[in-house]
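Coordinate inspection notes
Spelled out, the chains give:
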Amino acid sequence: MVCRLMGMDCLLLDKDVKMGTDRLKKVCNDKFNILVVTGNQCIDYPEGFRAFTPSPTVLSNIKVARKKFKENMIGIHIRRSDHDIAIAKSPVYLFENKIEEHLNAEEADFGVFLATDDPALSTYFQEKYPDTVVTYPKTFGRNSREGIMDAVLELYLLAGTKKIYGSYWSSFSGVAKRIYGTELEILHI
């Protein structure tokens, strides 16, 4: 029922993923909009997450959003909301310090794509670094179709940067790395 309300053809949970990739491929073969809710790895490497393709709408939005990217774009993922471990181990100042390092190096055509689940933090970084930080104007939260689609879009934008600086104990940073093999450095104390 939830699947249909969100416009999905198929919902895969932990129990489905644990049955293996052959089973996943069989179940998903004729599906187009699939929601995967798991904390488990669900694809064999080295194929990685390149096997997943965003919907045409999401792909179109990614293309439009990337027009704001500069040539030398790094990605920063700051996980907040309900993730106490990421908040404690990856404080905001570490990400600010990393941006300052890049700015002080005077890299040509430098920019930052910021992915975060905290709207106040998004505003803070855009105001502090108005000519440097780019965000995607998304629906925050995981309780709506729009929020989930925007999170996927943001994931692919993060993956498309030169290097990702991620949050401690957050799978979002790790998944972004696996999409295109982007270098990932977890910032933590």
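One can find the structure itself at the top, above this paragraph.
Residues numbered from 1 in each chain as written. Predicted model: local features only at pLDDT ≥ 70, side-chain atom pairs only at ≥ 80, totals over all residues. Heavy atoms only, no water.

1. Focus: a nonpolar patch on the surface
Together, L11, L13 and V37 make up an exposed nonpolar region whose accessible area comes to about 210 Å². With respect to the helices and strands, the residue L13 is situated in the loop between strand 1 (10-12) and helix 2 (14-17). (Patch = residues over 30% accessible without salt bridge, like charges linked within 9 Å, V, L, I, M, F, W, Y side chains within 5 Å. Areas by Shrake-Rupley, 256 points an atom, 1.4 Å probe, with all protein chains shown as cover. Salt bridge = Lys/Arg side-chain N within 4 Å of Asp/Glu carboxyl O. Helix = DSSP H or I, 4+ residues; strand = E, 2+ residues; numbered from the N terminus.)

2. Brief notes about the environment of R145
Secondary-structure assignment places R145 in helix 8 (residues 145-159). Non-local contacts of R145, meaning those with residues more than four positions away in its chain, are made with M6 and G7. (Contact = heavy atoms within 4.5 Å.)

3. Description of the nonpolar core
Side chains that are nonpolar tend, in soluble globular proteins, to be buried together. By size, the foremost hydrophobic cluster in this structure holds 20 residues, and its most contacted members are I62, F113, Y136, L153, L157, L158 and A176. When contributions to this core are tallied by element, the ones reaching two or more residues are helix 4 (56-66), strand 4 (110-116), helix 8 and helix 9 (171-180). Take this core: its biggest share by element is 7 residues, from helix 8. Not counting residues up to four positions away in its chain, the partners in contact with F113 are F69, M73, I74, G75, I76, V134, T135, Y136, E154, L157, L158 and T161. (Core = buried A, V, L, I, M, F, W, Y, C linked by side-chain atoms within 4.5 Å. Buried < 20%, exposed > 50% of the residue type's maximum accessible area, 1.4 Å probe, protein only.)

4. Points about the pairing of strand 7 (residues 183-187)
Across 5 bridges, the pairing between strand 6 (residues 163-167) and strand 7 is parallel. Counted as the bridge partner of K163 is E183 from strand 7. On the question of chirality, the crossover connecting strand 6 to the parallel strand 7 by way of helix 9 is right-handed. (Pairing = 2+ DSSP bridges. Right-handed = clockwise from strand over helix to strand, strands pointing away.)

5. Some points on helix 9
Along an α-helix, a turn takes 3.6 residues, which lines up residues three or four apart on a common side. For helix 9, the complete set of buried residues consists of S173, G174, V175, A176 and I179. Buried residues along helix 9 sit against strand 3 (72-78), helix 8, strand 6 and strand 7. Positive backbone phi, at 75 degrees, marks G181, one or two positions downstream of helix 9.

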